[in-house]
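# Examination of the molecular architecture
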Amino acid sequence: MDTKPTVSPKGKHAGAAQHAPQAANSSVQSAHVPANVPADASANASANAPVPNAHVSMVDGANKQRAHKPLYPTSAARTHEHLTRVHASRGGAIKAPARSAQTHAHAHHYTIVAAILAVCVVIGGGYFAFKFANPAAQSARFQANADGTEAKVTIPKGASASSIAALLKEADVIDDTTQFLKALGNHLNAAQQIKSGTYLLMRGADFDQLIDRLIQGPNAQENALSVPEGLTSARLVELIQTTYGIAPDSIKQSLQAHSYADEFPFVKDAHNDSLEGFLFPKTYDFEGKVPQTPTIVKAMLAQYQKEVSVLDFDTARKAIKEKYHVTMSNYDFLTLASIIEKEALTDDDRPLVASVFYNRLKIDKPLESDATMGYVTAGKVTADDLKKQSPYNSYLNRGLPPTPICSPGLPSMAAALNPKDTSYMYFWITEKEHVFSETYEQHQEAIKKAS
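Being a predicted model, the structure only gives us computed values, none of them experimental. (Residues numbered from 1 in each chain as written. Predicted model: local features only at pLDDT ≥ 70, side-chain atom pairs only at ≥ 80, totals over all residues. Heavy atoms only, no water.)

Right, let's talk about the overall build of the protein chain for a bit. Along the backbone of the protein chain there are 15 helices and six strands. Relative to its full complement of 451 residues, the protein chain shows a buried share of 47%. (Helix = DSSP H or I, 4+ residues; strand = E, 2+ residues; numbered from the N terminus. Buried < 20%, exposed > 50% of the residue type's maximum accessible area, 1.4 Å probe, protein only.)

Summarizing the sequence annotation, UniProt attributes the feature "site: Important for catalytic activity" (unreviewed entry) to E343 in the numbering used throughout. One can find E343 in helix α11 (residues 330–343). You can call E343 buried: its relative accessible area is 1%. (UniProt positions renumbered as here; feature names shortened; annotations may be inferred.)

Another point: the packing of aromatic side chains. The full count for this structure, using the stated rule, is 14 aromatic pairs. Between F278 and Y304 the ring centres are 5.3 Å apart and the planes differ by 80 degrees, which places this aromatic pair in the edge-to-face class. With F278 in the loop between α8 (248–253) and β4 (283–284) and Y304 in helix α9 (residues 293–308), this pair connects stretches of sequence that are 26 residues apart. The residues F278 and Y304 share a single accessibility class, namely buried. (Phe/Tyr/Trp six-rings, centres within 6.5 Å; stacked < 30°, edge-to-face > 60°.)

Moving on to the confidence of the model for the protein chain. Overall, the prediction assigns the protein chain a mean pLDDT of 75, with 66% of residues at 70 or greater. Within the model, the stretch residues 16–146 combines pLDDT values under 50 with 237 contacts to residues more than four positions away or in other chains. (pLDDT = per-residue confidence, 0-100. Contact = heavy atoms within 4.5 Å.)

Turning our eyes to something else, we now look at the nonpolar core. Ranked by size, the top nonpolar core spans 63 residues in total, and within it L225, L301 and F333 carry the most contacts. Every element with two or more residues in this core is listed here: α7 (233–244), α9, α10 (313–324), α11, α12 (349–362), α14 (410–417) and β5 (426–429). Core analysis: the second largest hydrophobic core is formed by 26 residues, A151, I164, A191 and F207 among them. (Core = buried A, V, L, I, M, F, W, Y, C linked by side-chain atoms within 4.5 Å.)

To continue, consider the pairing of strand β1 (residues 150–155). Most of β1 is tucked away, with five of its six residues classed as buried. Bridge count between β1 and strand β2 (residues 197–202): six bridges; the pairing is antiparallel. Across the sheet, residue A151 finds its bridge partner in β2, namely L201. (Pairing = 2+ DSSP bridges.)

What follows covers the pairing of β5. Residues of β5 alternate between two faces, with Y426 and W428 on one and F427 and I429 on the opposite face, all of them buried. Linking two consecutive strands that pair antiparallel, namely β5 and strand β6 (residues 434–437), is a turn of four residues.

Take helix α4 (residues 177–185) next. Those residues of α4 that sit buried are T177, Q179, F180, L181, A183 and L184. Where α4 begins, the side chain of D176 points an oxygen toward the backbone nitrogen of T178, at a separation of 3.0 Å. (Polar contact = N/O pair within 3.5 Å; in protein donor to acceptor, adjacent residues only side chain to side chain.)

Bringing the pattern of salt bridges into the picture now. Throughout the structure, instances matching the rule amount to 10 salt bridges. Here K388 and D385 are joined by a salt bridge, their closest N and O atoms 3.3 Å apart. Here the salt bridges do not stand alone but share partners, grouping E341, D347 and R350 into one network. (Salt bridge = Lys/Arg side-chain N within 4 Å of Asp/Glu carboxyl O.)

Further remarks concern the environment of T293. With respect to the element layout, T293 can be found in helix α9. Along the primary structure T293 and Q241 are separated by 52 residues, whereas in three dimensions their C-alpha atoms are 9.9 Å apart. What T293 contacts, discounting residues up to four positions off in sequence, is I246, I251 and S254.

Our next topic: α7. Taking 1.5 Å as the rise per residue, α7 with 12 residues should run 16 Å; its terminal C-alpha atoms sit 16 Å apart, in good agreement. All of the buried residues along α7 are S233, L236, V237, L239, I240, T243 and Y244. Buried residues of α7 fall within an arc of 165 degrees about the axis and therefore sit on the same side. If you follow the buried residues of α7, they end up packed against β3 (225–226), α8 and α9. Just downstream of α7, G245 is the residue with a positive phi angle, here 75 degrees. (Expected span 1.5 Å × (residues − 1). Arc of directions from axis to C-beta.)

Another aspect to go through is unusual backbone geometry. Both trends apply: most residues other than glycine have a negative phi, and most peptide bonds are in trans. With phi around 55 degrees, N189 is a residue other than glycine that occupies positive phi space. On the secondary structure map, N189 appears in the loop between α4 and α5 (190–193).

Quick look at the side chain of S163 now. Summarising the element assignment, S163 is placed in helix α3 (residues 161–170). Here the side chain of S163 touches S160 through a polar contact of 2.8 Å, landing on its backbone oxygen.

A few words now on the packing of α12 against α14. Packing of α12 against α14 brings their axes to within 8 Å, and their N-to-C directions diverge by 40 degrees. The orientation of α12 with respect to α14, classified from their angle, is oblique. For the element pair α12 and α14, the recorded crossing hand is right-handed. From α12, R350, P351, A354 and Y358 reach across to α14, where they touch P411, S412, A415 and A416. (Axes fitted to C-alpha atoms, helices over the stretch in contact; angles between N-to-C directions. Parallel < 35°, antiparallel > 145°, perpendicular 65-115°, else oblique. Left-handed = near helix turned anticlockwise from the far one by under 90°.)

On to the side chain of S407, then. Its location among the elements puts S407 in the loop between α13 (370–377) and α14. Reaching out from S407, the side chain makes a polar contact with the backbone oxygen of L279 at a distance of 2.8 Å. With residues near it in sequence (within four places) discarded, S407 still touches E229, G230, L231, E276, G277, L279, P281 and E341.

Below, the discussion takes up the environment of N219. The residue N219 is located in the loop between α6 (207–216) and β3 in this model. On the accessibility criterion, N219 (3% relative accessible area) is buried. Spatially, the C-alpha atoms of N219 and K152 are 10.0 Å apart, while their sequence positions differ by 67 residues.

What follows is the structure, given as structure tokens:
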């Protein structure tokens, strides 16, 4: 090694005076409306029908919309939209009878018109009198508390129609459980089609709209799992525990690569049966449900497979071999991308950081990245840490560490496959400085100017 490493609290660099990258941290909180609500004794025959499981899907980010426009906003960060239903009545014009010279024809025509008008007055007056005299009938269509605000409601698995109605009334989504159950009964098999999960529902919405929403499925981002770039599997365990309350030991047992090798063959190359690096950073929406850990892992592996499908590993492997005389497997690319993820701060820096590491690999020079040792310490890296023997100490060992050190994003993956063509051997990166150097003297000068 060409220099004695020192530690700086400000910058990242390869070669000297590095600081440990901060570990990503994230938490998601969720809230539920209590599910144990007494059933409504007035429920109809469909009131006790069980609700099937909600379909679990994963979306890209918190604001991905459904294929059709939902009746309610589908994102946790949303604008309040007043939803109205326009009821238009079609009127038919009455064709006037042909003119006649006979007086009795006119008299007969006027008599018919008068009779029709009389009937209309009686029917129309009776209809409006019924509507205003029967608030319950009016409530069956439009709610009295139509204030346009939203309520979060969680419908538990197996909830009966009457308990669902009670939950909706408790949240002020409806004001009459009996009328809601009657409206539900007017929809064929509606009670059996309502899906469990967490919903954001507009207070005072039309019953038909409300029932349609419940049949479509949860629309809230409740229980979504937001995984940031650079998160380690150890931190992912903490995030899943915080979000869903699953025991850490159970989560760790579900993070063994061999359990998913049949469905996702690319994890067969994983070292020590570890899924480190493969658990792709993204926001995963399980539609208000609390998923099992294997469901989460499969969603993340499927996302990794989808994201990296746009990368040409074979072409990159050939180019890297020709230029740097380094043989890279897909797993090696992932490992290098994870180091780039921890060291670079911007997407513009990533291909440059990659070039520094490849230039070092070419001449069999240690990578000298604090980030690899930070994977062991799970925090700050001191000068003493860099003297300790470890497979992840890239000051004492040449080449790549045995596994990825975090889950890199797609830009870091792309940089690992397509580095910039430079002669850089060092970098000094802080929030203010992004300096790349070819010689150690230039590198030291960059650090001196920064301090």
